[in-house]
Amino acid sequence: MCGIIGVTGASEPLRIILEGLEMLEYRGYDSAGFALVRIDGSGLWRERAAVRAQSLPELHKVATPPPGAALGAGIGHTRWATHGAPTEPNAHPHLDCGDRVAVVHNGIIENHRELASELEERGHSRSSETDTEVIAHLVEEQLADGASLDEAVRFLLGRLRGDFALALVEAKDPDTIIGTRRTSPLIAGRSDGVGLLASDISAVLGTTRELYAIEDDQVVVVRPGSITAYDRDGTEVALRPLEVSWEVQAARADGFDDFMSKEIHEQPRALADTLLGRFRSDGAIDFEELSLGPHELRRIDRVVLLGCGTSYHAGLVGRSALEAWAKLPASAEIASEFRYREPVIDDRTLVIATSQSGETVDTFHALREAKRRGAMTLVVTNVVDSLMAREADGVLYTRAGPEVGVASTKCHVAQIALLQLFALDLASLRGTLADADVSRLSGEIAHLPEAVSAAVGRFAEYELVAERLAGVNDVYFLGRGTGLPIALEGALKLKELAYVRAEAYPAGEMKHGPISLIVPGTVAVVVATRGPLYEKIHANVAEVRARGASVLAVCDEEDSTTPDLVDDVLRIPSVPEVLTPVVGVVPLQALAYAAARARGNDVDRPRNLAKVVTVE
Ligand code: AGP
């Protein structure tokens, strides 16, 4: 969480910082701030604002440079609070005792308490409750001992525990920004006499497309038009260029009310791009970028799918496809739990981490743990060269374009389709499905963008059904088999956006306890897919309706039975049952979107959340 930007050598550094922060706001919006070095040597100019989800507009109001101040290098930050409430004193940048150094930070300094008490004993006074501030004071001590800023930051690498990306400026040097990272993301860029640092490429795409990766524990010195990277010993190392395929426009709301509605409407295109070039003319599946070859994939005797939130739900769909088609034992695991178990995996286990951002720290560490235990690893992610993409043995990219809305939508459908296609490829490789079945299923997956387009076309219709949720504070989402991951995703969306208690449950499990919570007026959203459990889900509908629940059902347009058994329907285009998750989530996205807007909630900046979760 948290977004960092740094710029030097620009004629309008403040504008670049503020525009960059707009693009980084999805990473956290509890507070925002910047610090710029005054060229006349009179010190740092710092401004901060902390108004939940309104911090950037508030920051703009105070972003009027002091009269006559020419500004050099600067850093900016948008925060998702971890240590210390979202208040202005806790907003970044943080300064040392003498206001000589400013630092912005993304991540967590795990040993900050120990460092803070050391610093206190040595006479430093703190002005925030954050873990970050210790960095400014540690650097202050190094500078006082004669170190340069980059040497001071190299020293920090030996003192800090945890995950972090940092950018620092010093009052006496209007040209230089120093950056470093461990696990948390940071990239560098340059163009025409300008040097940049940022948490992600969207923040700097308006200024340059010449971008470079920064590796763990490297220290980069960014000056106007130049970037130099050093390893921990101070030896200069080569920079690795990043390939940039996204356009700056792709990360803007473009006439939609918000990013979420834009991204919901982009789903057909996102899916089509994800599937583009994946099918050869002979019907075979082509994963060109996959570095795991047939020999390695044939050795697999088990698959574990890791993910968090929406990406975990995609993993559940992937699990079923791997079992059904590739006949492999498969399990889907919540990454934050998996890492701390004693998972039994070996070099014949394929561990697939699914993550839109490729940065979620829970999933990243779980993936790393799997690798440490000898598993073969694969990442399904939307972000090229992201942390997980670099860590895994193989990577498959969803090509959904930047997803900015906190609620994952277009990336989710792309993840599911890609996982299903991968399962099909494994089935073909292992000979567990006949060629004809592989071609038929591939063909059906290839048609999913059209089905999703038809579902998105019903958006207004779904929003009308959402009116049934007005004033409702508890909703059950029920599904079985193919429908269960859809129900789980629908409940997550309603919780995170509309702040409605929404519980997803396997419908068949209700009678083992939760049905006691159903009372007259309870709303249940039931996903009725027309597969082997179709009649059973109808029985479950009857059970909750008999106890007074009103039922909204997700069912396909050729389903003539379900509508007679429920109070209202969310119709989806008919696709083969096994592929329903890609299409079935669309009405539930709309339901959550409309319910959130009806309650006056900000769908792009939901309470307490951030798009990228880089803390445990
Ligand atoms: C999705 O709507 C959520 N905001 C959240 O559950 C998200 O899917 C989760 O944090 C995982 O993110 P990732 O895909 O970037 O790893």
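Further up the page is the structure itself.
Values in this document were obtained by computation on a predicted structure and should not be read as measured data. (Residues numbered from 1 in each chain as written. Predicted model: local features only at pLDDT ≥ 70, side-chain atom pairs only at ≥ 80, totals over all residues. Heavy atoms only, no water.)

## Focus: the site of the ligand
The following threshold applies: Each residue is tested against the molecule or strand, and it is near if at least one of its non-hydrogen atoms lies within 4 Å. The definition of a polar contact used here is a pair of N or O atoms within 3.5 Å, where within protein one atom must be able to donate a hydrogen and the other to accept one, and adjacent residues in sequence count solely through side-chain atom pairs. We get accessible surface area from the Shrake-Rupley algorithm with a probe of 1.4 Å; when it comes to residues, only the shown protein chains can shield them. Strands are runs of DSSP state E lasting at least two residues, helices are runs of H or I lasting at least four, and both sets are numbered from the N terminus onward. Three classes are used: nonpolar for Ala, Val, Leu, Ile, Met, Phe, Trp, Tyr, Cys and Pro, charged for Asp, Glu, Lys and Arg, and polar for all others, with Gly counted as polar. In this entry, domain limits derive from an automatic or database-based domain assignment.
Around the ligand there are 15 residues in total, and S311, S355, S357, T360 and E496 lie nearest to it. The separation between an oxygen atom of the ligand and a polar main-chain atom of Q356 is 2.7 Å. Burial of the ligand by the surrounding chains reaches 91%, relative to a free accessible area of 410 Å². Elements represented by at least two residues in the shell around the ligand include exactly α9 (309-324) and α17 (483-498). Grouping the constituent residues of the shell around the ligand by class yields five nonpolar, eight polar and two charged. The residues that make up the shell around the ligand include at least three from each of domain 2 (252-446) and domain 3 (460-598).

## Thoughts on the pairing of strand β6 (residues 101-109)
The cut-off we apply is this: Burial classes: relative accessible area under 20% of the type maximum marks a residue as buried, over 50% as exposed, and values in between as partly exposed (1.4 Å probe, protein chains only). Two strands form a pair only when DSSP identifies at least two bridges running between them.
Of all the nine residues making up β6, nine are buried; the element is thus mostly covered by neighbouring parts of the structure. Relative to β6, strand β5 (residues 94-95) runs antiparallel, the two sharing two bridges. The residue of β6 that forms the bridge with L95 is A102. Count of turn residues in the β5/β6 antiparallel hairpin: five residues, of which D99 carries a positive phi of about 55°. As paired strands, β6 and strand β7 (residues 162-170) are joined by nine bridges and run antiparallel to one another. Bridge assignment links N106 to a residue of β7, and that residue is A165.

## Some details on the pattern of salt bridges
Quick note on the threshold: A pairing counts as a salt bridge when a side-chain nitrogen of Lys or Arg comes within 4 Å of a carboxyl oxygen of Asp or Glu.
Counted according to the given criterion, the structure contains 48 salt bridges. Two residues, E333 and R341, come together in a salt bridge whose shortest N-O distance is 3.0 Å. Take E333: its relative accessible area is 13%, and that puts it in the buried class. Here E461 ties to R458 by a salt bridge, and the two come within 2.8 Å at their closest N and O atoms.

Functional significance is not addressed by these values, which are geometric in nature.
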